[in-house]
Amino acid sequence: MAVYSDDYYDFIIDYNGGYPVEDAVCYQRVNDRFDVAYYARSGTPELNAVDYPYSILPKCFALTDQTAQEVSGILRLQNPAGLDLQGQGILVGFLDTGIDYTHPAFRNTDGTTRIAAMWDQTIEDGEPPEGLSYGAYYDESGINAALASEDPEKLVPERDENGHGTFLAGVACGSADPAMDFTGAAPLSQLLVVKCKQAKQYLREYYFVPEGADCYQENDLMLAMAWLNQMAERLRKPLIICVGMGSAMGSHAGEDAISALCDEIGRLRQRGIVVSAGNEANARHHYFRSGLYEGQTDAIEVSVGDRVPGFYLECRTAAPEISRVSVLSPTGERFQGTGAFSGRQSHVFLFEKTTLTVDYAFTGTSPGGQIIFLRFSDPWPGIWTVELMPVLAIEGNFHCWLPIGSLMQGEVFFLQPDPDTTILSPGFSTAAVTAGAYRAVGGGADPDSGRGYSVTGTVKPDVLAPGVHVYGPEPGIVLPGPGTGAGGAGSGTSVSAALTAGACAQIFQWGILEQDLTWLNSTHLTNILTRGAGRDSDRVYPDRVYGYGLLDVYGALDALRITAG
């Protein structure tokens, strides 16, 4: 099947861009704007940013993980003697590594499942969901039948080998376990789960993804989001989608395909999307320079460690600015850019035997900024210098990004990095709630938590939520209590996103189901959470690290009551 076979390219088709699909062997519909098309590789040019518009190439995504409910105001809303907001009547959807559906954290008191439906994209011989052609679909009745059997996996062979998806689902909406002093943020909500399949080998090779690394394709994540939305429509329930993955690729302006889809779904009534900010602030993978004009040259120094098979970096300028690059190797050999601003240039360095390709392209479905995509194969260890020279400059600003750390093999970093604008895609979606991480015990932002703003000045992250040593369930393991030393603690902004997603389910329950505010959507959630966020009087907001402050869902509910009034 083309969906799984490495003999086919996966392309994201944006009909606003007008890219043809006539030669595709098959395609999957995402929504009225996007399709995923599959093209035979035989007779098709190898991947590059020149023959194919940059936006159609799927980007690679990685997992963004590295006492929380109380400091976030969540427990005050769960108290049955008070508001009793535990996510009743709300769906919380996850696109991740799957879920241990047999775990007590996802079962009712009578042993039945709280999972409304699952789609496992990795199973090639299953019965796929309606309207899709791959994976296996399991509904609530099928999961309950499996749980009632002696061998559940025989009926529903769904497993979470990684554990990331199980953990996030538990943090967001795991069932309460008083004996273990644990509860998810929305423990009475229902779950929708997608187990995303790993990226194809050809894409891993193109982006130099390390062997064995967890890596996911943008198109599969987009189809997962669309399916979650369709299931919510079928079940006629409000939906919160939690995205605990991210990519350093793309415009960092919310213009990439998955961010656009987040915006489209998030602006629908009774839909909320929460995404993690990522953990790249201290990774030294972003470079920024401003005020560089014609006739000037900026030297971008990249340190490359031993045994790095390859890496790439993206340099971006905003329209109408145009630049070109030259590259200086560690031994002093220079590749001189020719000034061709649309096309490909290649060079093999004599001593290093390193192959460099430089693709110049313009991005966006309408006339957009310039991207210079540099790909180094078998780079010699040492300092590589990318010399950027503006040809047309208005503001003289440009950014460069390296891939997310878990998707690189070996050590590659900028010698003069900038920790700002390090939020991962789709964290710059304007409709989504973007959550960074802070320490619930002791306070202070996690130094790795992705920072804003976007390249166009959009304020992100929106809020910080607890994301360091947060407890949650692990596959096949009964949940340990805090302080037992038995494990079960996770860190990273994916954990912050899960906690925020559970808080958003509480807000949807109160606003939509109890107050009949049926117009609430993800944009409203963002506004409500930022109005009610906890703020330090010594800090000026918004802030590139803290956004509008710390997650305080009780304060957010006060803001919602003001809005409703």
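Residues numbered from 1 in each chain as written. Predicted model: local features only at pLDDT ≥ 70, side-chain atom pairs only at ≥ 80, totals over all residues. Heavy atoms only, no water.

The helix and strand tally for the protein stands at 11 helices and 27 strands. Within the protein, the fraction of its 565 residues that count as buried is 59%. Element-wise, carbon and sulfur atoms account for 49% of the exposed surface of the protein, whose accessible area totals about 21,000 Å². (Helix = DSSP H or I, 4+ residues; strand = E, 2+ residues; numbered from the N terminus. Buried < 20%, exposed > 50% of the residue type's maximum accessible area, 1.4 Å probe, protein only. Areas by Shrake-Rupley, 256 points an atom, 1.4 Å probe, with all protein chains shown as cover.)

Before going further, it helps to examine the pairing of strand E6 (residues 115-120). When you tally the buried positions in E6, you get six out of six residues, the bulk of the element. Where E6 meets strand E8 (residues 190-195), five bridges bridge the pair, whose relative direction is parallel. By the bridge assignment for E8, Trp119 is matched with Val194. Strand direction decides the pairing type here: E6 and strand E7 (residues 136-139), joined by four bridges, are antiparallel. Opposite Ala117, over in E7, you have Asp139 as the bridge partner. (Pairing = 2+ DSSP bridges.)

All right, on to the side chain of Thr385 then. By the secondary structure assignment, Thr385 is in strand E21 (residues 382-392). Apart from the residues within four sequence positions on either side, Thr385 is in contact with Ala299, Ile300, Glu301, Ser326, Val327 and Leu328. (Contact = heavy atoms within 4.5 Å.)

Under the defined criterion, the tally for this structure stands at zero disulfides. Cys215 provides the cysteine sulfur closest to Cys60, a residue in no disulfide bond, and the two sulfurs are 3.5 Å apart. (Disulfide = S-S within 2.5 Å.)

Right, let's talk about the pairing of strand E18 (residues 343-348) for a bit. Summarising the sheet, E18 and strand E19 (residues 355-362) pair through six bridges and their orientation is antiparallel. Bridged to Arg344 within E19 is Asp359. Connecting E18 to the antiparallel partner E19 that follows it, the hairpin turn spans six residues, and Lys353 within it adopts a positive phi of roughly 60°.

Strand order in the open sheet formed by six strands is E13-E22-E15-E20-E19-E18, with antiparallel pairing between adjacent strands. Of all the strands in the sheet, the pair left with one neighbour each is strand E13 (286-289) and E18. Within the sheet, the average angular offset between the axes of one strand and its neighbour, ignoring direction, is 15°. The pairing of strand E15 (residues 310-317) with strand E22 (residues 398-401) spans four bridges and is classified as antiparallel. The residue bridging Thr317 from the neighbouring strand is Phe398, located in E22. (Axes fitted to C-alpha atoms, helices over the stretch in contact; angles between N-to-C directions.)

Among the residues of helix H10 (residues 522-532), Ser522, Leu525, Thr526, Ile528, Leu529, Thr530 and Gly532 are the ones counted as buried. The distance from a side-chain oxygen at the start of H10 to the backbone nitrogen of Thr523 is 3.1 Å, and the residue carrying that oxygen is Asn521. (Polar contact = N/O pair within 3.5 Å; in protein donor to acceptor, adjacent residues only side chain to side chain.)

Here the focus is the packing of aromatic side chains. For the coordinates displayed, the defined rule picks out 16 aromatic pairs. A ring pair is formed by Tyr4 and Tyr134, whose centres lie 5.9 Å apart and whose planes are at 85°; its orientation type is edge-to-face. The class of Tyr134 is buried, set by a relative accessible area of 1%. Arranged with centres 4.9 Å apart and planes meeting at 65°, the rings of Tyr206 and Tyr207 form a pair that is edge-to-face. With relative accessibility at 8%, the residue Tyr206 sits in the buried group. Grouped by ring-pair contacts, the aromatic residues Tyr4, Trp119, Tyr134, Tyr137 and Trp227 constitute a single cluster. (Phe/Tyr/Trp six-rings, centres within 6.5 Å; stacked < 30°, edge-to-face > 60°.)

On to the nonpolar core. Ranked by internal contacts, the top residues of the largest apolar core, which has 53 residues, are Ile99, Tyr101, Met118, Leu191 and Ile240. The element best represented in this core is helix H9 (residues 493-514), accounting for 11 residues. Once you skip the residues sitting within four places of it in the chain, Tyr101 turns out to touch Arg107, Ile115, Met118, Ile143, Ala146, Leu147, Pro152, Glu153, Val156 and Glu158. Listed in part, the 44 residues of the second largest apolar core include Leu221, Ala224, Trp227 and Ala232. (Core = buried A, V, L, I, M, F, W, Y, C linked by side-chain atoms within 4.5 Å.)

All right, on to the pattern of salt bridges then. Within this structure, the stated rule accounts for 17 salt bridges. Between Asp298 and Arg289 there is a salt bridge; the shortest N-O distance is 2.5 Å. Owing to a relative accessible area of 26%, Arg289 belongs among the partly exposed residues under this scheme. Among the charged side chains, a network of salt bridges with common partners joins Asp14, Arg33 and Glu264. (Salt bridge = Lys/Arg side-chain N within 4 Å of Asp/Glu carboxyl O.)

Scored by pLDDT, the protein has a mean of 87; 88% of the residues are at 70 or more. Low pLDDT (under 50) marks residues 67-78, which in the prediction has 49 contacts with non-local residues, meaning those over four places away or in another chain. Below pLDDT 50 for its whole length, residues 478-487 participates in 20 contacts with residues either more than four positions away or in separate chains. (pLDDT = per-residue confidence, 0-100.)

Below, the discussion takes up unusual backbone geometry. The amide bond that connects Ser425 to the next residue, Pro426, takes the cis arrangement and shows omega of 5°. Within the element layout of this structure, Pro426 appears in the loop between strand E23 (412-414) and strand E24 (433-438). Between Gly452 and Tyr453 the backbone carries a cis peptide bond, its omega angle lying at -5°. With respect to the helices, strands and loops of the structure, Tyr453 is situated in the loop between E24 and strand E25 (463-466). The phi torsion at Thr421 lies on the positive side, around 55°, for a residue other than glycine. Along the polypeptide, Thr421 turns up in the loop between E23 and E24.

Close contact between H9 and H10 brings their axes to 11 Å; oriented N to C, the two are set at 105°. Our classification of the angle between H9 and H10 gives roughly perpendicular. Taking contact as the criterion, the partners of Thr500, Cys504, Ile507 and Phe508 in H9 are, on H10, Leu525, Ile528 and Leu529. Taken together, the residues that form the contact of H9 with H10 break down as six nonpolar, one polar and no charged. (Parallel < 35°, antiparallel > 145°, perpendicular 65-115°, else oblique. Nonpolar A, V, L, I, M, F, W, Y, C, P; charged D, E, K, R; others polar.)

With their axes 7 Å apart at the nearest point, helix H5 (residues 164-173) and H9 run at an angle of 40° to one another. When you trace H5 past H9, the crossing you get is right-handed. On H9, the residues touching His164, Phe167, Leu168, Val171 and Ala172 of H5 are Ser494, Val495, Ala498, Leu499 and Gly502. (Left-handed = near helix turned anticlockwise from the far one by under 90°.)

Right, let's talk about the sheet that holds strand E9 (residues 216-217) for a bit. Spatially, E9-E4-E11 is the arrangement adopted by the three strands of the open sheet, whose pairing is antiparallel. For this open sheet the edge positions go to E9 and strand E11 (245-246), each flanked by a neighbour on one side alone.

Mapped onto the fold, Thr422 is located in the loop between E23 and E24. Among the residues examined, Thr422 registers a relative accessible area of 5% and is labelled buried. From its side chain, Thr422 meets the backbone oxygen of Pro419 in a polar contact 2.7 Å long. Those residues in contact with Thr422 that sit more than four places away from it in its chain are Ala277, Glu280, Ala281, His286, Gly450 and Arg451.

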